[in-house]
Amino acid sequence: MALLFISNDDSPVEWQDALTSFDPDLDFRTWPDLGTASDIEIALVWKHPPGSLADLPRLKLIQSLGAGADHILTDPQLPGGVPIARLVDSNLTQQMVEFAVLAVLSRHRRMKQLQLAQTQSLWNVIQPIPTHHSRVGMLGFGEIGREIGNALTRLGFPVTAWTRTAREDSNIVCQSGENGLVAVLHSSDILICLLPFTEETKNILNADTFATLPKGAYVINMARGGHLVESHLLSAIDDGHLSGAWLDVFNEEPLPSDHLFWKHPKVIVTPHLAGLTVASSAAEQVIKNLRLVRSGQAPNNAVNLKHGY
Ligand code: OXD
């Protein structure tokens, strides 16, 4: 039985090495050279071509190469009844924490203005805002969100979060529902989007959301490009309501070279790298999941199809 690897963004060589260090007998195949379709037991995928998983009669698991599974669920020919699992990897989580802290501190200490001043040889001393006046709101509070929230709290930022279901298992105030969203937005000088991408969360970063944020608020999107209505963000920045944004994810990736975001003085663009999967640290859970599904058990971090993540 074999594993089928499908990704243009991850290295098959690294993954083969990492996986076979945990299971030396693993038969590793790379799309489109899958050999006999009925050999394939597990598909390890990132943005697979739609339909490429449709004719694998003994497929037992579709394993995402990332923390998100939305790239799998958009395939209209997904085989029914095959469990889908996300990666939950401490290495990836750590990167996401670092990225969120970097983006929050960068806004908090006004790095963009300081860099601009440097290009003009200006000695521009910007008084820091007290940390406890920079309120951070988080949309999404899963495994990664919780770690980010804790890191920001340790730095002294007041943090609130919005989640699908109310939570009381954290020292961070979590709100849910429509009213909860409004409450979190009202108190977010810096808003971080970490939500899973679903029909409910699509376009959630829109004109109404921005209007609910306090004047001068800053938006960080490190979830999915589809969460953001790009034209609404540009209007909210250009009319002065928002102070700027740091965007790591986009509707179209790579971001087209003529996109307005690239040159916008108040927007920081990074190329979807907030959290990258590292084969050597994530491989063990893929092998664990393979063993679980082989023995008829559910994989770890299975996607709930009803919730879409
Ligand atoms: C992921 C991502 O889902 O990198 O892991 O966006």
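On a predicted model such as this, the values are computed, not experimentally measured, just so you know. (Residues numbered from 1 in each chain as written. Predicted model: local features only at pLDDT ≥ 70, side-chain atom pairs only at ≥ 80, totals over all residues. Heavy atoms only, no water.)

**Q** Can you walk me through the environment of Ala302 in this structure?
**A** With respect to the helices and strands, Ala302 occurs in the segment after helix H10 (279-294). In this structure the C-alpha to C-alpha distance between Ala302 and Ile84, which are 218 residues apart in sequence, comes to 5.6 Å. When sequence neighbours within four positions are dropped, the list of residues in contact with Ala302 reads Ile84 and Ala85. (Helix = DSSP H or I, 4+ residues; strand = E, 2+ residues; numbered from the N terminus. Contact = heavy atoms within 4.5 Å.)

**Q** In this structure, what is going on with the sheet that holds strand E10 (residues 217-221)? I would like to understand it.
**A** Within a sheet, adjacent strands bond to each other through the backbone by hydrogen bonds, running parallel or antiparallel. Strand order in the open sheet formed by seven strands is E8-E7-E6-E9-E10-E11-E12, and the pairing between neighbours is parallel. With one partner strand each, in any of the chains shown, strand E8 (173-175) and strand E12 (267-269) form the two edges of the open sheet. Direction aside, neighbouring strands of the sheet carry axes that sit 15° apart on average. Bridge count between strand E7 (residues 159-162) and E8: three bridges; the pairing is parallel. Directly across from Ala161, in E8, lies its bridge partner Cys174. Helix H6 (residues 177-186) contacts strand E6 (136-139), E7, E8 and strand E9 (190-193) of the sheet and is inclined by roughly 150° relative to E7. Along the sheet face, helix H8 (residues 230-238) touches E10, strand E11 (242-247) and E12 and points at about 140° away from the line of E11. (Pairing = 2+ DSSP bridges. Axes fitted to C-alpha atoms, helices over the stretch in contact; angles between N-to-C directions.)

**Q** Can you help me understand the sheet that holds strand E1 (residues 2-6) in this one?
**A** The strand order across the open sheet formed by five strands is E2-E1-E3-E4-E5, and the pairing between neighbours is parallel. Among the strands making up the open sheet, the edge pair consists of strand E2 (27-30) and strand E5 (84-85). Pairing between strand E4 (residues 61-64) and E5: two bridges, direction parallel. Along E5, the bridge assignment pairs Gln63 with Ala85. The strands that helix H1 (residues 12-22) touches are E1, E2 and strand E3 (40-45); relative to E2, the one it contacts most, it runs at about 170°.

**Q** Would you explain the pattern of salt bridges in this entry?
**A** Opposite charge on two side chains allows them to pair when their charged atoms are near. This structure, assessed with the given rule, holds eight salt bridges. Between Arg29 and Asp27 there is a salt bridge, and its shortest N-O distance comes to 2.8 Å. You can call Arg29 buried: its relative accessible area is 14%. Lys60 is the salt-bridge partner of Glu41, the closest N and O atoms lying 3.5 Å from each other. Taken together, the residues span a long stretch of sequence, with Glu41 in strand E3 and Lys60 in the loop between E3 and E4 at a distance of 19 residues. Take Glu41: its relative accessible area is 3%, and that puts it in the buried class. Its relative accessible area of 29% is what places Lys60 among the partly exposed residues. A single network of salt bridges, built from pairs that share partners, joins Asp27, Arg29 and Asp39. (Salt bridge = Lys/Arg side-chain N within 4 Å of Asp/Glu carboxyl O. Buried < 20%, exposed > 50% of the residue type's maximum accessible area, 1.4 Å probe, protein only.)

**Q** Would you mind going over the site of the ligand with me for this structure?
**A** All residues in the neighbourhood of the ligand are listed as Trp46, Gly66, Ala67, Gly68, Leu92, Arg224, His272 and Gly275. With respect to the ligand, the backbone of Ala67 contributes an N or O atom lying 2.6 Å from an oxygen atom. Arg224 has a polar side-chain atom sitting 2.7 Å from an oxygen atom of the ligand. If the ligand stood free it would expose 210 Å²; the protein chains cover 87% of that surface. In the shell around the ligand, the residues fall into three nonpolar, four polar and one charged. (Near = heavy atom within 4 Å. Polar contact = N/O pair within 3.5 Å; in protein donor to acceptor, adjacent residues only side chain to side chain. Areas by Shrake-Rupley, 256 points an atom, 1.4 Å probe, with all protein chains shown as cover. Nonpolar A, V, L, I, M, F, W, Y, C, P; charged D, E, K, R; others polar.)

**Q** What am I meant to see in the packing of aromatic side chains here?
**A** In this description, an aromatic ring pair is defined by two values, namely the gap between the centres and the angle between the planes. Scanning the model with the defined rule gives three aromatic pairs in all. Centroid distance Phe5 to Phe28: 5.5 Å. Interplanar angle 35°. Geometry classified as tilted. Here Phe5, found in strand E1, pairs with Phe28, found in strand E2; they are 23 residues apart in sequence, far enough to count as distant. The pair Phe5 / Phe28 is uniform in exposure class, with both members buried. Relative to Phe261, the ring of Phe250 has its centre 6.2 Å away and its plane inclined at 50°; by these criteria the two rings are tilted. One end of the pair, Phe250, is in the loop between E11 and helix H9 (260-263); the other, Phe261, is in helix H9, and eleven residues separate them in sequence. When sorted by exposure, Phe250 lands in the same class as Phe261, which is buried. (Phe/Tyr/Trp six-rings, centres within 6.5 Å; stacked < 30°, edge-to-face > 60°.)

Everything listed here is a matter of coordinates, which is why it stays silent on function.
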